[in-house]
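Tertiary structure, described
As a plain string of letters, each chain reads:
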Amino acid sequence: MDADQAKYFHGFNLVPEIGPIRFKKLLAYFGSLEKAWQAEKNDLRDAGLEEKLAQEIINKQNTLDLNQELTKISREGISIITIQDKTYPRLLKEIYDPPALLYVRGQFQPEDDFSLAIVGTRQPSPYGVQTGSQLSRDLAKAGLVIVSGLAKGIDTLAHKAALEIGGRTIAIIGSGADARSIYPPDNRKLAEQISRQGVVISEYPPGTEAKPYHFPARNRIIAGLSRGTLVVEAPEKSGALLTANHALSQNRQVFAIPGSIYAKNSFGPNNLIKMGAKLIIQAQDILEELNLTSLVEQTATRKIIPDNPEEA
């Protein structure tokens, strides 16, 4: 993290109306957010911001201590990664509206480039629990990093399955990444585990409560971080299907587990398959479709190399 620039990204992110598009406008006009933060209201208007919004930014400039803000964030064990940083996820940067900054607990690793989103209903059937857990374990064993949204149901079991076999997992949340804001509260301990064995990510500042409209925006990040999205179970109206739609718009692969035509939770994946999603019955189907079968061999090789060469 370049702290000098990160604090200005954070400052603008504390203005709710500033999203990916307006961040782009500010960077294009001023060249840096440091210059944008120091700008006068007329300059902000010239950059394409509305009068009311420009005044709100001026108010923030006059009341916020950005260095103090960074100190508070650091105390929460959170770091900021901006879209200008080398550590910003490559796949996420490729989408139409990538977040200008990410609040991160944990650390990104090179293997996170080989990520797969696994999503589904918050109320899975026994079939969904069985297939989702098994596929998550098998894919994590193969070396894929499991991405999901920390929600109850399929998201939770996907994260847990990856952790249980020692794999990496990434959780994208619709609240602040600080411990008190994690949503749902029941998954705060899980989020802590993930931060030690993967990454917890939010585009919202620490202290932000989860709001219903945060989750559709979060879903674009789940899909954007991943080479493909697997839908386990999902009813006709489902956030999991929104994630799949984001994946399609981002030119990423969509996979689905088939289910009974009489089960409401199977409507989503069955319909995706009907529209061209890849039908999945085992982890190998996904590895072959993503041309990642060699990843299994590389993962196996890494696991048999001892951490201490003297122990060999």
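Heads up: the structure comes first, above all this text.
Overview of the structure. Quick caveat, the model's predicted, so the values are computed rather than measured.

Criteria and thresholds
- As a convention, each chain's residues are numbered from 1 in the sequence order in which they are written.
- With the structure being a predicted model, the display of local features is reserved for residues of pLDDT at least 70 and the display and counting of side-chain atom pairs for 80 or more, all residues being used for whole-chain, interface and lining totals.
- Hydrogens are left out, water is left out, and the side-chain values use all remaining heavy atoms of the structure.
- Runs of E in the DSSP output that reach at least two residues are strands. Runs of H or I that reach at least four are helices, and both are numbered from the N terminus.
- Identification of polar contacts relies on pairs of N or O atoms within 3.5 Å, with a donor-acceptor requirement for protein atoms, meaning one able to donate a hydrogen and the other able to accept it, and with residues adjacent in sequence counted only if both atoms are side-chain atoms.
- Note on contacts: a residue pair qualifies if any of its non-hydrogen atoms lie within 4.5 Å across the two residues.
- Of the two site types, the cavity is a set of points on a 1 Å grid over the protein atoms alone where a 1.4 Å probe fits but cannot get out, and the pocket is an open set with protein on both sides within 12 Å along at least five of seven lines, each lined by residues with an atom within 4 Å of a point.
- Grid points are joined across faces, edges and corners, and a volume is the space filled by probe spheres set on the points.
- Only Asp, Glu, Lys and Arg are considered charged in this grouping, and only Ala, Val, Leu, Ile, Met, Phe, Trp, Tyr, Cys and Pro are considered nonpolar; every other residue, Gly among them, is considered polar.
- By nonpolar core is meant a set of buried Ala, Val, Leu, Ile, Met, Phe, Trp, Tyr and Cys residues that side-chain atoms within 4.5 Å join together.
- The rule is simple: take the accessible area with a 1.4 Å probe, protein chains only, and divide by the maximum for that residue type; under 20% is buried, over 50% is exposed, in between is partly exposed.
- In this scheme Phe, Tyr and Trp rings, the latter by its six-membered ring, pair at centre separations within 6.5 Å, and the angle between planes marks the pair as stacked below 30 degrees, edge-to-face above 60, and tilted otherwise.
- For a ring to carry a charge above it, either NZ of a lysine or CZ of an arginine must fall within 6 Å of the ring centroid while also lying within 35 degrees of the normal to the ring plane.
- The working definition used for a salt bridge is a side-chain nitrogen of Lys or Arg within 4 Å of a carboxyl oxygen of Asp or Glu.
- For helices, the fitted line uses only the C-alpha atoms of the stretch in contact; every axis is such a line through C-alpha atoms, and the angle between N-to-C directions lies from 0 to 180 degrees.
- If an angle is under 35 degrees, it is roughly parallel; if it is over 145, roughly antiparallel; if it lies from 65 to 115, roughly perpendicular; otherwise it is oblique.
- The hand of a helix crossing depends on one turn: near helix anticlockwise from the far one by less than a right angle means left-handed, and clockwise means right-handed.
- Any two strands with at least two DSSP bridges between them are considered paired.

It is worth spelling out the side chain of Asn13 at this point. Here Asn13 is to be found in helix α1 (residues 3-13). Within the local environment of Asn13, its side chain forms a polar contact with the backbone oxygen of Glu203, the two atoms lying 3.0 Å apart. When near neighbours in sequence (up to four residues on either side) are disregarded, Asn13 contacts Ile18, Phe23, Leu101, Tyr103, Glu203 and Pro205.

For the rest of this paragraph, the subject is the layout of surface pockets. Of the voids in this model, the largest pocket is the one considered here, and its volume is about 360 Å³. Contributing to the lining of the largest pocket are 20 residues, with Asn13, Pro16, Ile18, Glu203 and Tyr204 lying nearest its centre. Counting only elements with at least two residues in the lining of the largest pocket, the list comes to α2 (20-30) and α11 (214-224). Looking at side-chain class alone, the lining of the largest pocket contains 13 nonpolar, four polar and three charged residues.

With that out of the way, let us pick up the nonpolar core. Phe12, Leu26, Leu33 and Leu44 are the most contacted members of the largest nonpolar core, which has 40 residues in total. Of all the secondary structure elements, the ones that give two or more residues to this core are α1, α2, α3 (33-37), α5 (51-63), α6 (66-75), β2 (101-106) and α10 (188-197). Setting aside its immediate chain neighbours within four residues, Leu44 contacts Leu26, Phe30, Ala36, Ala39, Leu49, Ala54, Ile57, Ile58 and Gln61. Membership of the second largest hydrophobic core comes to 29 residues, among which are Ile95, Val104, Ile201 and Ala244.

Before going further, it helps to spend a moment on the packing of aromatic side chains. Going through the model one piece at a time under the given rule, you end up with four aromatic pairs. Centroid distance Phe9 to Phe23: 5.9 Å. Interplanar angle 15°. Geometry classified as stacked. With Phe9 in helix α1 and Phe23 in helix α2, this residue pair connects regions lying 14 residues apart in the sequence. The exposure class assigned to Phe23 is buried, which follows from its relative accessible area of 3%. Sitting over the ring of Tyr96, Lys24 keeps its end group 5.2 Å from the ring centre.

Evaluated as defined, the whole model comprises 17 salt bridges. For Asp113, the salt bridge is made with Arg90, and the minimal N-O distance between the two is 3.1 Å. Here Asp113 is found in the loop between β2 and β3 (115-119), whereas its partner Arg90 is found in helix α7 (residues 90-93), with 23 residues between them in sequence. A relative accessible area of 43% means that Arg90 is categorised as partly exposed.

Following Tyr183, the chain continues to Pro184 via a peptide bond in cis, the omega torsion being 0°. Tracing the chain through its elements places Pro184 in the loop between β5 (169-172) and α10. You will see that Leu150, though not glycine, has its phi angle at about 65°, which is positive. Looking at where Leu150 falls in the secondary structure, it is placed in the loop between β4 (145-148) and α9 (154-164).

So, about the packing of α9 against α10. Packing of α9 against α10 brings their axes to within 11 Å, and their N-to-C directions diverge by 45°. The angle between α9 and α10 falls in the class oblique. Here α9 and α10 pass one another in a crossing that is left-handed. In this structure, α9 contributes Thr156, His159, Lys160, Ala162 and Leu163 to the contact, and α10 contributes Leu190, Gln193, Ile194 and Gln197.

Our focus in this paragraph is the sheet that holds strand β1 (residues 79-82). The mixed open sheet is built from nine strands, whose spatial order is β1-β2-β6-β5-β4-β3-β7-β8-β9. Each edge of the sheet is formed by a strand with only one pairing partner; in this case those strands are β1 and β9 (278-279). Pairing of β4 with β5, which is carried by three bridges, proceeds in the parallel orientation. Along β5, the bridge assignment pairs Val147 with Ile170. The strands touched by helix α12 (residues 239-249) are β3, β7 (228-231) and β8 (253-256); relative to β7, the strand with the most contacts, the crossing angle is about 155°. Where helix α13 (residues 267-274) meets the sheet, its contacts fall on β7, β8 and β9, and the angle it forms with β8 comes to roughly 130°.

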